[in-house]
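# Structural overview for review
This is what each chain is made of:
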Amino acid sequence: MQFSSTQNAKPLAASFYKDLTFSDSSAVITSMLESSFGKEIRIAFKEGQVMKEHKTKFPITVMTLKGCIEFTVNGEVSVLKEGDIIALEGGIMHELKATKESVVWLGLHKGDSINRVKAVLK
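Parameters and conventions
Residue numbers restart at each chain and count upward from 1, following the sequence in its written direction. In view of the model being predicted, local features appear only for residues whose pLDDT reaches at least 70, and side-chain atom pairs are presented and counted only at 80 or more, with totals across whole chains, interfaces and linings using the full set of residues. In computing side-chain properties, one takes all heavy atoms of the structure into account and sets aside hydrogens as well as water. The numbering of helices and of strands both runs from the N terminus, where a helix is a DSSP run of H or I of at least 4 residues and a strand a run of E of at least 2. To sort residues, take the accessible area from a 1.4 Å probe on protein chains only and compare it with the maximum for the residue type: under 20% means buried, over 50% means exposed, and anything in between is partly exposed. By definition here, a salt bridge exists when the distance from a side-chain nitrogen of Lys or Arg to a carboxyl oxygen of Asp or Glu is within 4 Å. Joining through side-chain atoms within 4.5 Å is the link that ties buried Ala, Val, Leu, Ile, Met, Phe, Trp, Tyr and Cys residues into a set, and such a set is a nonpolar core. The contact definition used throughout considers only heavy atoms, calling two residues in contact when any of these lie within 4.5 Å.

## A word on unusual backbone geometry
In this structure, Asp 19 is a non-glycine residue whose phi angle is positive, near 55°. Relative to the assigned elements, Asp 19 resides in the loop between strand E1 (3–4) and strand E2 (28–34). Here Asp 19 falls in the exposed class, since its relative accessible area comes to 56%. Its identity is not glycine, yet Asn 74 carries a phi of approximately 50°, on the positive side. Here Asn 74 is to be found in the loop between strand E5 (60–73) and strand E6 (76–81).

Spelled out as structure tokens, the structure:
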């Protein structure tokens, strides 16, 4: 379920574990929450699934909520286990690979779009 707000006085809330689904064909990307300042995305990976090398013009933040992800930048691999977080400036090529079934939180800049993220899987 997606929640959004434009100058809403009420806090926004979502659960990254509710209605969680995985797919055999590719990672599942779901918009969880959108505010006036950013977008929070859930990415559900089965073991071995990859988001091929790509970049965004905006900064991102990535946190592994469940499982384990290899986050590669310029050939250098950072292993993100549960609870690990990493931030990356825009314009930098990077790749994500799940070494086991994983759930990832992706924090996007308000100018970025979920459609750009989904296009990485094509």
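## A word on the pattern of salt bridges
For the structure on display, the rule yields three salt bridges. Between Asp 24 and Lys 46 there is a salt bridge; the shortest N-O distance is 2.4 Å. Of the two residues, Asp 24 is situated in the loop between E1 and E2 and Lys 46 in the loop between strand E3 (38–45) and strand E4 (50–54); the sequence distance between them amounts to 22 residues. Residue classification places Asp 24 among the exposed residues on the basis of a relative accessible area of 67%.

## Overview of the nonpolar core
Among the nonpolar cores identified, the biggest contains 21 residues, and Ile 43, Phe 45, Met 51, Val 62, Phe 71 and Leu 106 are the most heavily contacted of them. Looking at this core, the elements with two or more residues in it are E3, E5, strand E8 (94–109) and helix H1 (114–119). Those residues in contact with Phe 45, other than ones at most four positions away along the chain, are Phe 22, Ala 27, Val 50, Met 51, Ile 69, Leu 96, Ala 98, Lys 100, Glu 101, Ser 102 and Val 104.

## Some remarks on the environment of Thr 99
Among the secondary structure elements, Thr 99 is positioned in strand E8. Taking relative accessible area as the criterion, Thr 99 reaches 31% and is therefore assigned partly exposed. Beyond its immediate stretch of four places on either side in the chain, Thr 99 contacts Glu 47, Cys 68 and Glu 70.

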